[in-house]
Amino acid sequence: MIEPARRHVLTAAVLTPFVGAYAAAPAVASPPAVAQWRRLDTAMAGDVLLPGDTAYAGAKQLFAPRYDVLRPLAVVRPATTADVATAVKFARAHDLRVTARAGGHSYTGRSSGNALMVLDLRKLTGIQLAGAGATAVLGAGTTLYNVHAKLVTSGRTITTGTCPTVGTTGLALGGGLGPDDHRHGLTADSVTGATMVLMDGRTVTVSNSQPDLLWALRGGGGQLGIVTQLRMATHAASSRGYLDLAFPGSAAQAVIAAWAAYQPAASAGTWVRAQITRSAAGGVRCQLLGVTDAGMQNRVAQDLIDAVGVTPLSRTVKQLTHLQLVTTLGNGTTTPRRDNDHGSDVLTDVSSTTAAGIVAAMGSSPGTGGGCVVQLSPLGGGIAARTPTGTPFPYRRHIGAVQWVTGLPTGATAADFAAARAWIDAAHAQVSAASVGGYVNYVEPGQPAARYFGANLNRLRSLKTTYDPEGRLLAAVDL
Ligand SMILES: Cc1cc2nc3c(=O)[nH]c(=O)nc-3n(C[C@H](O)[C@H](O)[C@H](O)COP(=O)(O)OP(=O)(O)OC[C@H]3O[C@@H](n4cnc5c(N)ncnc54)[C@H](O)[C@@H]3O)c2cc1C
């Protein structure tokens, strides 16, 4: 075991401008020589890409272009769980920090970094059903659209978010908010097991018989080891109702109030998200986006319109097959890379003061030349059916999670990043009286871990100390 004096220290001095606050980099006393990396490559079914290799620049990219400046020591691309174990043992032998990369959508660039080993799981793309279709067995590199497209051929699906290119593993490890939450809970709540390589190089099959490891997998943000395969409960992929109601910006407060009032009454099959969008030109538009059980869409749409009390500018209400719903919510089967800045708040309730605060936050532009969006996602139904300590995700008695998003221009400057952050900080302040924390998959820099894990932080910290005492694995949040 590494002596405490050699524990990894995050060094601000080597952080890259603009991303320094996001993607922490460790100091490495003496990185492996090229010949040693090449021996690792030879020992694996997958491969190892080093700076200078043709494929390195593309392989180290994340979803957000701002992180293209990061330079990991190597991008290690395992093809098997045994490869992951070999790579972890190599990292231990050379005292390297490691980060796992699945779909690469980390808001803070934590699935890459300077001076560390990236374990890129994208070669692990297996998608299978087991247990007569009740369980999906998913490679750690699978993305949401691919999982939906494969499982639907057997009439099954999993509980997911809305973005087609997000990694199933990153989403599940951090929670997972999406249209099935009201019936099935978070994506993390459907995780029944995993294959994991621990940071001492051991491979474990996680199930109910390892309650601590299983607990941490369900929303802990990937703290204890490298997941190579997830097992998740499935449900039937059925046709659903879909609604998209657009209202004028002047109705913003009424739309938020209607969304909040609707939540306690929403049936298990109904999920409604409120969204306010401010364009770069300053125009404000409000939306209620909903998914219902098939046949319920017109009734739910009318209930929402009545609750807002304003005639919608447009009203799209229809029934969709499962895959049509996936591509409608995801705007297609893929999402182009782009830079945004993000923040989140978890709200206990939405009083008229809180609704007014959200409207006030959306009343100003972020100063980046781009627009901004606020989304309110419900936390009731299946999410509230679990106990706050049953998984690391503590927010089981709260009305919703707010996501603040600012657009950033191509080639954004330090001033743009600072302006985006200032806007998000001001938005947090507008709802601070009702906010109890944030959502770890919408992680932002400079926030304490308690903001994401609440009273579950102590258990997560204790498990981190047990399973990764050297702090070798970089995860979504530093504990
Ligand atoms: C365009 C876009 C749309 C989004 N939509 C939604 C949504 O609808 N609902 C929602 O809840 N969230 C959404 N998110 C947030 C998303 O859930 C998180 O960014 C999530 O962490 C992404 O997972 P990933 O695998 O794509 O990312 P990665 O960057 O690959 O991983 C994120 C983190 O997960 C951990 N991790 C990943 N793989 C492993 C592994 N194999 N073993 C151990 N740890 C691992 C690591 O800590 C890593 O830093 C969205 C993000 C974006 C950019």
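Nothing here was measured: the structure is a model prediction, and the numbers come from that model. (Residues numbered from 1 in each chain as written. Predicted model: local features only at pLDDT ≥ 70, side-chain atom pairs only at ≥ 80, totals over all residues. Heavy atoms only, no water.)

A. Summary view of helix α3 (residues 81–93). The first and last C-alpha atoms of α3 sit 19 Å apart over 13 residues, in line with the 18 Å expected at 1.5 Å per residue. Buried residues of α3: Asp83, Val84, Ala85, Ala87, Val88, Phe90 and Ala91, and no others. Where α3 terminates, the next one or two residues include Asp95, which has phi positive at roughly 55°. (Helix = DSSP H or I, 4+ residues; strand = E, 2+ residues; numbered from the N terminus. Expected span 1.5 Å × (residues − 1). Buried < 20%, exposed > 50% of the residue type's maximum accessible area, 1.4 Å probe, protein only.)

B. Region of the structure containing the domain arrangement of the chain. Once the domains are mapped, the chain shows domain 1 (4–123 + 469–474), domain 2 (127–236) and domain 3 (240–320 + 338–444). Counting residues at the interface gives 17 residues for domain 1 and 22 residues for domain 2. Between domain 1 and domain 2 lies a buried interface of about 1400 Å² when both sides are counted; carbon and sulfur atoms form 74% of it. Area buried by domain 1 at its contact with domain 2 is led by Thr81, His105 and Leu473, which between them contribute 36% of it. For the pair domain 1 and domain 2, the interface holds 0 salt bridges. The interface formed by domain 1 and domain 2 holds 3 residue pairs in polar contact (both at pLDDT 80 or more) in total. (Domains from an automatic or database assignment. Contact = heavy atoms within 4.5 Å. Buried area = accessible area lost by both parts, 1.4 Å probe. Salt bridge = Lys/Arg side-chain N within 4 Å of Asp/Glu carboxyl O. Polar contact = N/O pair within 3.5 Å; in protein donor to acceptor, adjacent residues only side chain to side chain.)

C. Up close: the nonpolar core. In this structure, Phe247, Trp259, Leu288, Ile358 and Trp404 are the most contacted members of the largest nonpolar core, which totals 39 residues. If one sorts the elements of this core by residue count, helix α8 (residues 252–262) sits on top with 7 residues. Once residues lying within four places of it in the same chain are set aside, the contact partners of Trp259 are Val272, Arg273, Ala274, Leu288, Val350, Leu376, Ser377, Pro378, Ile399 and Gly400. Listed in part, the 32 residues of the second largest apolar core include Ile127, Val191, Val204 and Tyr452. (Core = buried A, V, L, I, M, F, W, Y, C linked by side-chain atoms within 4.5 Å.)

D. Structural context of the sheet that holds strand β2 (residues 74–77). Spatial ordering of the open sheet is given by β1-β2-β4-β3-β20, a layout of 5 strands whose pairing is mixed. The open sheet terminates on both sides in strands that have one partner only, identified here as β1 (47–49) and β20 (473–474). Summarising the sheet, strand β3 (residues 98–101) and β20 pair through 2 bridges and their orientation is parallel. Across the sheet, the residue bridging to Thr99 is Leu474, located in β20. In the packing of α3 onto the sheet, contacts are made with β2, β3 and β4 (117–120), and the angle to β4 comes to roughly 175°. (Pairing = 2+ DSSP bridges. Axes fitted to C-alpha atoms, helices over the stretch in contact; angles between N-to-C directions.)

E. Just the packing of helix α4 (residues 144–151) against helix α10 (residues 322–329), in detail. For the pair α4 and α10, the least separation of the axes is 10 Å and the interaxial angle reads 170°. Here α4 is positioned roughly antiparallel relative to α10, judged by the angle of their axes. Packed against α4, whose contacting residues are Tyr145, His148 and Ala149, the element α10 presents His322, Leu323, Val326 and Thr327 at the interface. Tallied by class, residues from the contact of α4 with α10 come to 4 nonpolar, 3 polar and no charged. (Parallel < 35°, antiparallel > 145°, perpendicular 65-115°, else oblique. Nonpolar A, V, L, I, M, F, W, Y, C, P; charged D, E, K, R; others polar.)

F. The UniProt feature "domain: FAD-binding PCMH-type" (unreviewed entry) in the chain, seen in detail. Per the UniProt annotation, the sites labelled "domain: FAD-binding PCMH-type" (unreviewed entry) are residues 68–237. Secondary structure over residues 68–237 splits into 23% helix and 27% strand, and the C-alpha atoms at its two ends are 37 Å apart. (UniProt positions renumbered as here; feature names shortened; annotations may be inferred.)

G. Highlighting the side chain of Thr169. Note on placement: Thr169 falls in helix α5 (residues 168–174). In this view, Thr169 contacts Ala102, Gly139, Ala140, Val227 and Leu230; residues no more than four positions away in its chain are not counted.

H. Representation of the site of the ligand in the model. Around the ligand, the surrounding shell holds 34 residues, and the nearest of these are Ala102, Gly104, Ser111, Leu177 and Tyr439. For the ligand, an oxygen atom lies 2.8 Å from a polar atom in the backbone of Gly167. At a separation of 2.9 Å, a nitrogen atom of the ligand approaches a polar backbone atom of Val227. Starting from 960 Å² of accessible surface for the ligand in isolation, the protein chains cover 94%. Of all the secondary-structure elements, those providing two or more residues to the shell around the ligand are β3, α5 and β10 (225–233). In terms of residue class, the shell around the ligand is built from 17 nonpolar, 15 polar and 2 charged. (Near = heavy atom within 4 Å. Areas by Shrake-Rupley, 256 points an atom, 1.4 Å probe, with all protein chains shown as cover.)

I. Seen up close, the pattern of salt bridges. Taken as a whole, this structure holds 22 salt bridges when the rule is applied. Residue Asp339 is joined to Arg66 by a salt bridge in which the shortest nitrogen-to-oxygen separation is 3.7 Å. Of this pair, Asp339 sits in the loop between α10 and β16 (340–347) while Arg66 sits in the loop between α2 (56–59) and β2, and the two are 273 residues apart along the sequence. On the accessibility criterion, Arg66 (7% relative accessible area) is buried. Between Arg92 and Glu470 there is a salt bridge, with its nearest N and O atoms 3.8 Å apart. On the criterion of sequence distance, the pair formed by Arg92 in helix α3 and Glu470 in the loop between α14 (457–467) and β20 is long-range, its members being 378 residues apart. Taking the relative accessible area as the measure of exposure, Arg92 reaches 32% and is therefore partly exposed. For Glu470, a relative accessible area of 8% puts it in the buried group.

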